[in-house]
Amino acid sequence: MNSSISNSRRFTFIAFGGGLVLLVIMLVVLELFLRSQISGDANSQEYRARFLHGKAPWTAFGDSHVEGALLSGDWLDNLGQASDNLNTIIAKISLRVERGGVQGVIIPADPQLFSFYRVSAEQEDRIKVLNEDYSESLMLFNPRYRPYLGRTLWSVLSNPSLLWSSSSEPENTQVQSAEPTRPSDWLKSVTIRVQLHTPVANFSKTDDAKAYRQLITGLRAQGIDVCMVRYPVSEDYLTVSRSIAAFSEVEKFFDDVAASNEVLLVDVSGLLPGEIFIDPDHIPASQREYVTNVVKERCAVNQLN
């Protein structure tokens, strides 16, 4: 009996120790992979620095449509970041305006602001990252990567060569500068993206719609210029979306908000020819300067004001 108990305890200790060692190895592998991405993810630190210290008189906020469409420069700090939802946008605008020096703000007027996957997203950690510097701590503790640790670990274990490559990212949070080949199942991709971006039913009566109106009104009350912009998407995306009533409703909503607050609404959704798009709703890097100049002109940006 004593021998049996002793063997059982020994097996338990070995199993526990082996499990602990395996867990440590997995965490080390995951940390190494995340750190291997830092060189390709330098934009996250640049973004934080621009947010905290940028001094351009105009700022732009929004998701990957904004991040990938506008170039930061003397007149503009592009503070768009992939997947930012309305709550995150409002919180970022509030923090940036509080710091001072803002003459004008470019607000997104894209339908996906009111889609289910955006209004239901929990993104409190995105604001936390802006206020805390994680560059010297373990990447495992960085809120930006935390939601994707399981998926990232599985990817690394499935393909260990990723540890020696910095070309891929744990999550597609950065707009790609390359211009990849258009996927063969293009129309399927368009349909999926449009469905994903479709505003929720009765979106105009939701708290998010109310918050959007209040955002514009609040900025204008502070004497800050506002320009609402709908960003370029492919012709196929526009064709499919126009067959869905919710997209027409969101256009009317943005028209009403702009008119009520006497701000410019700039729609450049059809600005670019469809064949140059790298995916249904993101422009190639080669067009960013052109789109930036068009937005600046149509938003009547004047640095002398």
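Residues numbered from 1 in each chain as written. Predicted model: local features only at pLDDT ≥ 70, side-chain atom pairs only at ≥ 80, totals over all residues. Heavy atoms only, no water.

Asks: Please give an account of the nonpolar core that cites residues and values.
Replies: Counting residues in each nonpolar core, the largest one holds 31 residues, and the members touching the most others are I93, I107, F114, Y212, L219, M228 and F254. Within the residue set of this core, elements represented by two or more residues are α2 (43–53), α4 (86–99), β3 (104–108), α6 (124–131), α9 (207–221), β4 (225–230) and α11 (245–261). The next biggest cluster of nonpolar side chains, apart from the first, holds 29 residues, and it includes L238, F247, V268 and V294. (Core = buried A, V, L, I, M, F, W, Y, C linked by side-chain atoms within 4.5 Å. Buried < 20%, exposed > 50% of the residue type's maximum accessible area, 1.4 Å probe, protein only. Helix = DSSP H or I, 4+ residues; strand = E, 2+ residues; numbered from the N terminus.)

Asks: Explain the pattern of salt bridges to me, and be specific about the residues and the numbers.
Replies: Scanning all chains against the criterion turns up seven salt bridges. For R118, the salt bridge identified is with D63, shortest N-O distance 2.7 Å. With R118 in helix α5 (residues 116–119) and D63 in the loop between β1 (58–60) and α3 (64–67), the pair connects residues that are 55 residues apart, well separated along the chain. For the pair formed by R118 and D63, the shared burial category is buried. Two residues, D281 and R193, come together in a salt bridge whose shortest N-O distance is 2.9 Å. Here D281, found in the loop between β5 (264–267) and α12 (288–298), pairs with R193, found in helix α8 (residues 186–197); they are 88 residues apart in sequence, far enough to count as distant. D281 gets classed as buried once you look at its relative accessible area, which sits at 1%. Ionic contacts of the salt-bridge type, sharing partners, join the residues D84, K92 and R126 into one network. (Salt bridge = Lys/Arg side-chain N within 4 Å of Asp/Glu carboxyl O.)

Asks: Give a description of the state of the cysteines that names residues and reports values.
Replies: In total, this model carries one disulfide according to the counting rule given. Here C227 connects covalently by a disulfide to C299, the sulfurs 2.0 Å from one another. The chirality of the disulfide connecting C227 with C299 is left-handed, given an S-S dihedral of about -75°. Of this pair, C227 sits in strand β4 while C299 sits in the segment after α12; the two residues are 72 residues apart in sequence, bridging distant segments of the chain. With a relative accessible area of 4%, C299 lands in the buried category. (Disulfide = S-S within 2.5 Å.)

Asks: Give me the lowdown on the environment of T59, citing residues and values where you can.
Replies: Looking at the element boundaries, T59 is found in strand β1. As a C-alpha pair, T59 and I93 span 34 residues in sequence and 8.7 Å in three-dimensional space. T59 has contacts with L76, D77, L79, R96, V102, G104, V105 and I106, leaving out every residue within four places of it along the chain. (Contact = heavy atoms within 4.5 Å.)

Asks: Account for α9, with residues named and values stated.
Replies: The terminal C-alpha atoms of α9 lie 20 Å apart, and with 15 residues this matches the ideal 21 Å at 1.5 Å per residue to within 8%. Buried within α9 are the following residues: D208, A209, A211, Y212, L215, I216 and L219. Within α9, the buried residues cover an arc of 165° as seen down the axis, which keeps them to one side. Facing away from the buried surface of α9 by more than 90 degrees, the exposed residues are D207, K210 and A221. At the exit of α9 stands G223, carrying a positive phi of roughly 80°. (Expected span 1.5 Å × (residues − 1). Arc of directions from axis to C-beta.)

Asks: With reference to specific residues and values, describe empty space enclosed by the protein.
Replies: What the rule picks out here adds up to one cavity of 30 Å³ or more. One number sums up the size of the largest cavity: a volume of about 50 Å³. Every residue along the wall of the largest cavity is listed here: S64, H65, G68, A69, Y231, P232, D281, H282 and I283. Per-class residue counts for the lining of the largest cavity are four nonpolar, four polar and one charged. (1 Å grid on protein atoms, 1.4 Å probe; cavity = no way out; pocket = protein on both sides within 12 Å on 5 of 7 lines; lining within 4 Å. Points joined across faces, edges and corners; volume = space filled by probe spheres on them. Nonpolar A, V, L, I, M, F, W, Y, C, P; charged D, E, K, R; others polar.)

Asks: Now, about the sheet that holds β1: what can you tell me, with residues and values included?
Replies: In spatial order, the strands read β2-β1-β3-β4-β5; together these five strands make up an open sheet with parallel pairing. Edge strands, defined here as strands with exactly one partner in the open sheet, are β2 (76–78) and β5. Ignoring which end each strand starts from, the neighbouring axes of this sheet average 20° apart. In this sheet, β2 lies alongside β1 in parallel orientation, the contact comprising three bridges. Paired with A60 across the bridge in β2 is N78. (Pairing = 2+ DSSP bridges. Axes fitted to C-alpha atoms, helices over the stretch in contact; angles between N-to-C directions.)

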